[in-house]
Protein chains: 2
Amino acid sequence: MSHLINISEAASLALHGLAIVAQNSPNKVNVKYLAEKLDASEAHLAKIFQRLNKSGIIRSFRGPKGGFVLNKPAKEISFLDIYEIVESKIILNDCPLHKTGCPFENCIFGNALKNISKNLYESFKYIKLSNFNE
Amino acid sequence: MSHLINISEAASLALHGLAIVAQNSPNKVNVKYLAEKLDASEAHLAKIFQRLNKSGIIRSFRGPKGGFVLNKPAKEISFLDIYEIVESKIILNDCPLHKTGCPFENCIFGNALKNISKNLYESFKYIKLSNFNE
DNA sequence: CCTATTTCGGTATTTGAGCACCAGAATAAA
DNA sequence: TTTATTCTGGTGCTCAAATACCGAAATAGG
């Protein structure tokens, strides 16, 4: 039982959480609220938002009435940006045996995987936080 | 550090291993030979080929001069077939929060993920064992 | 038969991601 | 200045997937 595309729950929570932050702009949104809305663990969300904060995509405020706000317009934040922050670095797929040494001169994968994952990469660029309306 | 597309080393070894089997047809190919060619663990390859055998895609022969042969033409074996055997079942990606409950009526993902992974699925169908030439 | 070879299949181990916990630091409000 | 609230960041746990191990079963060849 496997998904074709690698999207961790963390990446998904980051995206949805940020969508909520965008929605509530310019008010701050705190982890507790996000956890309720997303039916997720506070601890886990807190960790994810720490990373997002460090990346500069959001700003954080401690203390009572604290929380998070976007640090740039929602139109300028893509799923690719978020994905890259949460999953550290994106690698376009190639023949998975290339490191250990694919035995074939003309690998059966050809450029198929590279092309496909390049498409995927471009698609992720087009999903923006501002796509969301409710 | 994350790959966009989920391809385990097992799936990759299965594909490359089968390509070697196809190449040597109609002779049998054993695990030891495959392990050398692919610079991989015998134990791991053995397990993978057990699964492939059970699925009917190959036939196995025990004992001296034993090994594996394809059980159908290379043209009729796609990467999708192999992937599904090794990874058990493919799930097309959708909003990863749909199970626990995406909070948005119009999910930010829309049908994007579903469409993208459907494309991926179709692409995997077109990579056949017979694509390989050397 | 007997032996060497090879797959079979159950089980054990490893590893890494996902997730949780908790004490500490910052800050708003009274 | 005190208290309650909220993020911070280090560490520790958990669990499933990936991988390894090993004795058993099959069989080809002599």
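This report concerns the structure included in the present document.

Parameters at a glance
Residues numbered from 1 in each chain as written. Chains lettered and ligands numbered in written order. Predicted model: local features only at pLDDT ≥ 70, side-chain atom pairs only at ≥ 80, totals over all residues. Heavy atoms only, no water. Near = heavy atom within 4 Å. Polar contact = N/O pair within 3.5 Å; in protein donor to acceptor, adjacent residues only side chain to side chain. Helix = DSSP H or I, 4+ residues; strand = E, 2+ residues; numbered from the N terminus. Nonpolar A, V, L, I, M, F, W, Y, C, P; charged D, E, K, R; others polar. Least-squares fit on C-alpha atoms with pLDDT ≥ 70 in both. Contact = heavy atoms within 4.5 Å. Buried area = accessible area lost by both parts, 1.4 Å probe. Salt bridge = Lys/Arg side-chain N within 4 Å of Asp/Glu carboxyl O.

With respect to spatial proximity, 23 residues lie near DNA strand C, and among them A:Glu9, A:Ser41, A:His44, B:Lys47 and B:Arg62 are the closest. Within 4 Å of the protein, atoms of DNA strand C come from sugar and phosphate in 67% of cases. Residue A:Arg62 places a side-chain N or O atom 2.9 Å away from a sugar or linking oxygen belonging to DNA strand C. Take B:Gly63: an N or O atom from its main chain is 3.2 Å from a sugar or linking oxygen of DNA strand C. Secondary-structure elements contributing two or more residues to the surface near DNA strand C are α3 (42-55) of chain A together with α3 (42-55), β2 (58-61) and β3 (67-70) of chain B. Element by element, the count of residues in the surface near DNA strand C is highest for α3(B), at four residues. Of the residues belonging to the surface near DNA strand C, the class tally is six nonpolar, 11 polar and six charged.

Take chain A, turn it by 180°, move it 0.0 Å along the axis, and it overlays chain B with an RMSD of 0.1 Å. On the angle and the small slide along the axis, the relation comes out as a two-fold axis. For chain A, the minimum C-alpha distance to the rotation axis belongs to A:Ile5 and amounts to 2.3 Å. The share of interface residues of chain A whose copies in chain B are also at the interface is 100%, consistent with both copies meeting through the same surface.

Moving on to the interface of chain A and chain B. Tallying the contact residues gives 53 residues for chain A and 53 residues for chain B. In total, chain A and chain B occlude about 4900 Å² of area from one another, counting both sides; carbon and sulfur atoms represent 67% of this. Looking at the side of chain A facing chain B, the largest losses of area belong to A:Leu4, A:Phe104 and A:Ile108, adding up to 17% of the total buried there. Remark: the boundary between chain A and chain B carries zero salt bridges. Between chain A and chain B we count five residue pairs in polar contact (both at pLDDT 80 or more) in total. Contributing elements (two or more residues each) for the side of chain A that touches chain B: β1 (2-3), α1 (9-24), α2 (31-38), α4 (79-86), β4 (90-91) and α5 (112-126) of chain A. In terms of residues, the side of chain A that touches chain B owes the most to one element, α5(A), which gives eight residues. Of the residues contributing to the side of chain A that touches chain B, the split by class is 32 nonpolar, 13 polar and eight charged.

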